[in-house]
Protein chains: 2
Amino acid sequence: MTDDPVLDPALTALLPAGFRDILAPNAANEARLIDAMMSTATGHGYLRVKPPLIEFETSLLQGPGAATAERVFRLMDPISQRMMGLRADMTAQAARIATTRLKNAPRPVRLCYAGEVLRTTANQLNPEREVVQVGAELIGSPTAEADAEIILVAIEALRAVGVERISLDLMVPTLVPSVLAKLGLPAKPLSALRQAIDRKDVAAVEEIAGDGAAVLVGLLEAAGPRTEAMQALSRLDLPGDAREALDRLTEVVELVTAVEPDLSITLDPAENRGFEYHTGIAFSLFARGVRAEMGRGGRYRPNHDPEGTATGFTLYLERVLQALPDPKKPQTVFVPHGTPRDQAAALRRDGRITVAGLTPADDAEAEARRMGCTFILRDGQVAALN
Amino acid sequence: MTDDPVLDPALTALLPAGFRDILAPNAANEARLIDAMMSTATGHGYLRVKPPLIEFETSLLQGPGAATAERVFRLMDPISQRMMGLRADMTAQAARIATTRLKNAPRPVRLCYAGEVLRTTANQLNPEREVVQVGAELIGSPTAEADAEIILVAIEALRAVGVERISLDLMVPTLVPSVLAKLGLPAKPLSALRQAIDRKDVAAVEEIAGDGAAVLVGLLEAAGPRTEAMQALSRLDLPGDAREALDRLTEVVELVTAVEPDLSITLDPAENRGFEYHTGIAFSLFARGVRAEMGRGGRYRPNHDPEGTATGFTLYLERVLQALPDPKKPQTVFVPHGTPRDQAAALRRDGRITVAGLTPADDAEAEARRMGCTFILRDGQVAALN
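If you're wondering where the values come from, they're calculated on a predicted model, not measured in any experiment. (Residues numbered from 1 in each chain as written. Chains lettered and ligands numbered in written order. Predicted model: local features only at pLDDT ≥ 70, side-chain atom pairs only at ≥ 80, totals over all residues. Heavy atoms only, no water.)

Novice: When you look at the overall build of chain A in this model, what are you seeing that I'm missing?
Specialist: In terms of regular secondary structure, chain A is built from 14 helices and 16 strands. For the C-alpha atoms alone, the extent of chain A along its principal axes is close to 90 × 55 × 50 Å. Going through the 386 residues of chain A one by one, you find that 56% of them count as buried. Restricting the contact set of chain A to residue pairs at least 6 apart, pairs at least 24 apart contribute 63%. (Helix = DSSP H or I, 4+ residues; strand = E, 2+ residues; numbered from the N terminus. Buried < 20%, exposed > 50% of the residue type's maximum accessible area, 1.4 Å probe, protein only. Contact = heavy atoms within 4.5 Å.)

Below, the structure written as structure tokens:
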């Protein structure tokens, strides 16, 4: 089972770029990790749902799904003659379920899900076009407790599969826009200013922002470990709604650290990229040793419910796997041809994996070794093969 | 969570025909059943694999995949500009993995898998266009032991999820073709004869088949419970390769009944429809009370390996669910706002599901009931809500 498709171009060419076969022991390991992460969420009352792989394009791209529009595989439905899409993200699907099928369920609604998502394009950072998304959504509670619960359940799910040394990066994607709105800049300098902020180019911000420079540079320079960042932010002269957003951030940090006092938390108050559809606290989760984020989430407005509010997280299974040791190949017991069936059945009941010999073998031990087994069932006893 | 999408046309219209949201508690139940069926197979040494949802069309439709050609959703790959397809069946994918990526692995190779398959069209018998396929393939062993193992693992997998009163229907799809080949009939009467056999129209078979009538009618009339069927078959004057196929059938019945003496087994020796790509013993599995088959399988020639032989089974999760009672909604414990976090964590470690109150409630019990909880955590104790 050691054939490595990555190393064999002839085999890789069997599949389109970005698609792959997951072999043993990885496929079973992935299933086990998904199950453990889902169990964490269901333990907190999140109801597991399973939306379809295909929906009408219009539905798939609503609300939080809009961000995926450029990456969705489109298909014509031969039945309805309408355009359908293969999901590139499940957040919008869960939000749709909450706001339509479960519109009469008591609020907040807690949902969780795991499944494949697909993308038309691949890039160096994300070479896969089929990945597993694991997520949870808490719909209908505007509270800081809800923000904190989603972050804490995501961290607990990562811990449940063995991810260690997790760090949390907190963002407030609405902060910069609400400061910018107060400046009343014309479109062109406003756009230049936005870009300067995204580049974290302090000099350019000071040059363009005029009266807003002190606050904007303050937001940029506050980025860092939570204690220092919170102090720096408290000194800024912010407009009312930005101040409220920061108060919420403070509250969420307090709720999270009450449960996770040793968690490494950094704040990135001016960060906005990739969180454009978020309407409140957003976050990324990292693990020491893995450069890309394990997962992300935050507060958003669910589709089909313009008055509503939700928060949720997405964990990327492929990234989680990078933070974990490779799974071990399970040990197997060879059961020679002609062994009474109940002996092998008893071993399986004890959690052993048996591999039946389908033909008589002169040398059963040699046959067991050929089949890659590490044990053999002999005279009703399991014996190790040396 | 009682919103029933089937009963609400406005909600059903949200999704294309044949696609649906699986809600709680069904989604978690499905995941549990898949896990149990996969555990049965992995316990017998089947290595779990996970092929991608999308492949090149040419690859997807090879070998046992050819039967799905009419039902495959096609997509243009923007990267390679080649046609891709969404898998409608995973058997060919597993066979491809065995004969390419695992071509150097010791034979026989045992693989198992579970995943979604998609179809362009729906019909009354199969209204779903996205279903879960659970399967296992035993590749590279031509033995009757392999035929029997696949049947027995499929039955054990069904039992593992609670399916009772399973019955097995055995077929030899090569039998009729090998009798027909001996008759030397011209194309037109041969085609008419094939149709008469498929219709089980004894009179028409007698009229068309000439010298072959006795054997063909004998095969048709032998269909039924295994003991009588085997006796009837033993009296037929069959050509050599048909006799060999029947000897194999006898052997497989003996191997299966040695392990499953009480299993209801019927033989349908002239049946061929839907098993056109099979090259040996084939079978269907039924459960009392469910009209459609739970699963099917049999011997075939794997793609990428014209000299090879394999046998395997497919179980249809949607059908398996029809044979089982509806899952119960799990009971949940409401944890009022302000309860120390470690109390709820201790409950979850004991396997309880907790639902946190996110805001202070004047009447915690009323809030617990509103949220659909059946228990409440009060003064560190779990109390039932009446």
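Novice: I tried to follow the UniProt feature "binding site: L-histidine" (unreviewed entry) in chain A on my own but got confused; where do I start?
Specialist: Residues and elements named next belong to chain A. Per the UniProt entry, the sites bearing "binding site: L-histidine" (unreviewed entry) are Asp 89, Met 90, Thr 91, Arg 119, Gln 133, Glu 137 and Arg 273 in this numbering. Within the secondary structure layout, Asp 89 lies in the loop between strand E4 (83-86) and helix H4 (91-99). For Asp 89, a relative accessible area of 18% corresponds to the buried category. Each residue touching Asp 89, except ones within four places of it in the same chain, is listed here: Thr 68, Val 117 and Gln 133. (UniProt positions renumbered as here; feature names shortened; annotations may be inferred.)

Novice: Even after reading the chapter, I still don't get the environment of Pro 327 of chain B, so can you show me in this structure?
Specialist: Residue and element names in this part refer to chain B. Its location among the elements puts Pro 327 in the loop between helix H12 (317-322) and strand E13 (332-335). Separated by 299 residues in sequence, Pro 327 and Ala 28 place their C-alpha atoms 9.2 Å apart. Contact partners of Pro 327, with chain neighbours within four places excluded, come to Pro 25, Asn 26 and Asn 29.

Novice: Explanation requested: the packing of helix H6 (residues 175-183) of chain B against helix H9 (residues 213-222) of chain B in the structure shown.
Specialist: Helices that pack against each other are described as a pair by the angle of their axes relative to one another and the distance between those axes. All names here are of chain B. Where H6 meets H9, the axes come as close as 10 Å, and the angle between the chain directions of the two elements is 170°. On the basis of the axis angle, H6 is roughly antiparallel to H9. Across the interface between the two elements, Leu 175, Val 176, Val 179, Leu 180 and Leu 183 of H6 pack against Val 215, Leu 216 and Leu 219 of H9. Residues that form the contact of H6 with H9 fall into these classes: eight nonpolar, no polar and no charged. (Axes fitted to C-alpha atoms, helices over the stretch in contact; angles between N-to-C directions. Parallel < 35°, antiparallel > 145°, perpendicular 65-115°, else oblique. Nonpolar A, V, L, I, M, F, W, Y, C, P; charged D, E, K, R; others polar.)

Novice: How should the relation of the copies chain B and chain A be read in this particular structure?
Specialist: Look at the two chain copies: a rotation about an axis and a shift along it is all it takes to match them. For the match of chain B to chain A, the screw axis carries a shift of 0.0 Å, the RMSD comes to 0.0 Å, and the turn is 180°. Taken together, the rotation and translation describe the operation of a two-fold axis. Minimal C-alpha separation from the rotation axis in chain B is found for Leu 75 of chain B, amounting to 3.4 Å. Taken together, the interface assignments show that 100% of the residues at the interface of chain B recur at the interface of chain A, consistent with an identical surface on both copies. (Least-squares fit on C-alpha atoms with pLDDT ≥ 70 in both.)

Novice: So what exactly am I meant to see when it comes to the interface of chain B and chain A here?
Specialist: Many descriptions give the size of an interface as the accessible area lost when the pieces come together. In this complex, chain B contributes 86 residues to the contact, which on the side of chain A involves 86 residues. By the criterion of area lost to chain A, the three top residues of chain B are Lys 50, Arg 101 and Leu 358 of chain B, representing 12% of everything that side buries. Here chain B is connected to chain A by twelve salt bridges. Our enumeration of links across chain B and chain A arrives at 24 residue pairs in polar contact (both at pLDDT 80 or more). With six residues, the top contributor of residues to the side of chain B that touches chain A is helix H2 (residues 26-43) of chain B. Each residue belonging to the side of chain B that touches chain A can be placed in one class, and the counts come to 46 nonpolar, 15 polar and 25 charged. (Buried area = accessible area lost by both parts, 1.4 Å probe. Salt bridge = Lys/Arg side-chain N within 4 Å of Asp/Glu carboxyl O. Polar contact = N/O pair within 3.5 Å; in protein donor to acceptor, adjacent residues only side chain to side chain.)

Novice: What am I meant to see in the packing of aromatic side chains here?
Specialist: Here the distance between the centres and the angle between the planes together describe a pair of aromatic rings. Residue and element names in this part refer to chain A. Counted under the stated rule, the structure contains two aromatic pairs over all chains. Ring centres of Tyr 277 and Tyr 300 lie 5.9 Å apart, and the angle between their planes is 80°; this geometry places the pair in the edge-to-face category. Of this pair, Tyr 277 sits in the loop between strand E9 (264-267) and strand E10 (278-287) while Tyr 300 is found in strand E11 (residues 290-300), placing the two residues 23 residues apart along the sequence. Cation over ring: Arg 110 sits above Tyr 46, and NZ or CZ is 5.9 Å from the ring centre. (Phe/Tyr/Trp six-rings, centres within 6.5 Å; stacked < 30°, edge-to-face > 60°. Lys NZ or Arg CZ within 6 Å of the ring centre and 35° of its normal.)

Novice: Sorry, what's going on with the confidence of the model for chain A here?
Specialist: Keep in mind that low pLDDT regions are not for reading the predicted coordinates in detail. Per-residue confidence for chain A averages 92 on the pLDDT scale, and 97% of its residues sit at or above 70. Scored below 50 in pLDDT, residues 1-7 of chain A makes 14 contacts in the model with residues more than four places away or belonging to other chains. (pLDDT = per-residue confidence, 0-100.)

Novice: What am I meant to see in the domain arrangement of chain A here?
Specialist: As far as domains go, chain A holds domain 1 (14-167 + 272-328), domain 2 (174-269) and domain 3 (332-384). Computed over C-alpha atoms, the centres of domain 2 of chain A and domain 3 of chain A are 64 Å apart. (Domains from an automatic or database assignment.)

Novice: Looking at this structure, I do not really get the environment of Glu 137 of chain B. What am I missing?
Specialist: Residue and element names in this part refer to chain B. One can find Glu 137 in strand E6 (residues 130-139). Taking the C-alpha atoms as reference, Glu 137 lies 18 Å from Gly 274; in sequence the two are 137 residues apart. Contacts of Glu 137, omitting those with residues within four sequence positions, involve Tyr 46, Thr 91, Ala 94, Val 109, Arg 110, Leu 111, Tyr 113, Ile 150, Tyr 300, Thr 311, Gly 312 and Phe 313. A polar contact of 2.6 Å, which involves the side chain of Glu 137, links it to the side chain of Tyr 300.

Novice: Would you explain the pairing of strand E7 (residues 166-171) of chain A in this entry?
Specialist: Residues in a regular strand point their side chains to alternate faces of the sheet. Residue and element names in this part refer to chain A. Summarising burial for E7: five of the six residues are buried, a large majority. The sheet contact formed by E7 and E10 spans six bridges and is antiparallel. Bridge pairing links Met 171 to Ala 282 in E10. Summarising the sheet, E7 and E9 pair through four bridges and their orientation is parallel. Each residue of the ladder has a partner; that of Leu 170, found in E9, is Leu 267. (Pairing = 2+ DSSP bridges.)

Novice: Even after reading the chapter, I still don't get the sheet that holds strand E16 (residues 381-384) of chain B, so can you show me in this structure?
Specialist: Neighbouring strands of a sheet are bound in pairs by backbone hydrogen bonds; such pairs are parallel or else antiparallel. Residue and element names in this part refer to chain B. In spatial order, the strands read E14-E13-E15-E16; together these four strands make up an open sheet with mixed pairing. Of all the strands in the sheet, just strand E14 (353-356) and E16 have a single pairing partner and so form its edges. Strand-to-strand twist of the sheet, defined as the mean angle between neighbouring strand axes without regard to direction, takes the value 35°.

Novice: Looking at this structure, I do not really get the pattern of salt bridges. What am I missing?
Specialist: As a working rule, side chains carrying opposite charge can pair if their charged atoms are close by. Going through the model one piece at a time under the given rule, you end up with 42 salt bridges over all chains. With its nearest N and O atoms 2.6 Å apart, the salt bridge here joins Arg 296 of chain A to Glu 293 of chain A. Note on Glu 293 of chain A: relative accessible area 14%, which makes it buried. Because the salt bridges share partners, they merge into one network encompassing Asp 21 of chain A together with Glu 55, Arg 96 and Arg 101 of chain B.

Novice: Would you mind going over a negative patch on the surface with me for this structure?
Specialist: Together, Asp 241, Glu 244, Asp 247, Glu 251 and Glu 254 of chain A make up a region of like negative charge exposed at the surface. You can call Glu 244 of chain A exposed: its relative accessible area is 58%. (Patch = residues over 30% accessible without salt bridge, like charges linked within 9 Å, V, L, I, M, F, W, Y side chains within 5 Å. Areas by Shrake-Rupley, 256 points an atom, 1.4 Å probe, with all protein chains shown as cover. Lys, Arg positive; Asp, Glu negative; His and termini not counted. Charge placed at Lys NZ, Arg CZ, Asp CG, Glu CD.)

Novice: How should helix H5 (residues 144-160) of chain A be read in this particular structure?
Specialist: Within an α-helix, residues lying three or four positions from one another point in the same direction, as the helix has 3.6 residues per turn. In this model, H5 of chain A (17 residues) spans 24 Å end to end at C-alpha, consistent with the 24 Å of a helix rising 1.5 Å per residue. Gly 162 of chain A sits one or two positions beyond H5 of chain A and adopts a positive phi of about 100°. (Expected span 1.5 Å × (residues − 1).)

Novice: So what exactly am I meant to see when it comes to helix H6 (residues 175-183) of chain A here?
Specialist: Within H6 of chain A, burial applies to Leu 175, Val 176, Ser 178, Val 179 and Leu 180 of chain A. Of the surrounding secondary structure, the elements contacted by the buried residues of H6 of chain A are helix H7 (187-198), helix H9 (213-222) and helix H11 (240-259) of chain A.

Novice: For this particular structure, what's the right way to read the pairing of strand E12 (residues 310-316) of chain B?
Specialist: Residues and elements named next belong to chain B. Counting buried positions along E12 gives six out of seven residues, so the element sits mostly inside the fold. Pairing analysis gives six bridges linking strand E11 (residues 290-300) to E12, with the strands arranged antiparallel. Note on E12: the bridge partner recorded for Arg 299 is Thr 311.

Novice: Honestly, the environment of Ser 167 of chain B in this entry has me stumped. Any pointers?
Specialist: With respect to the element layout, Ser 167 of chain B can be found in strand E7 (residues 166-171). For the pair Ser 167 of chain B and Asp 77 of chain B, spaced 90 residues apart in the sequence, the C-alpha separation amounts to 44 Å.

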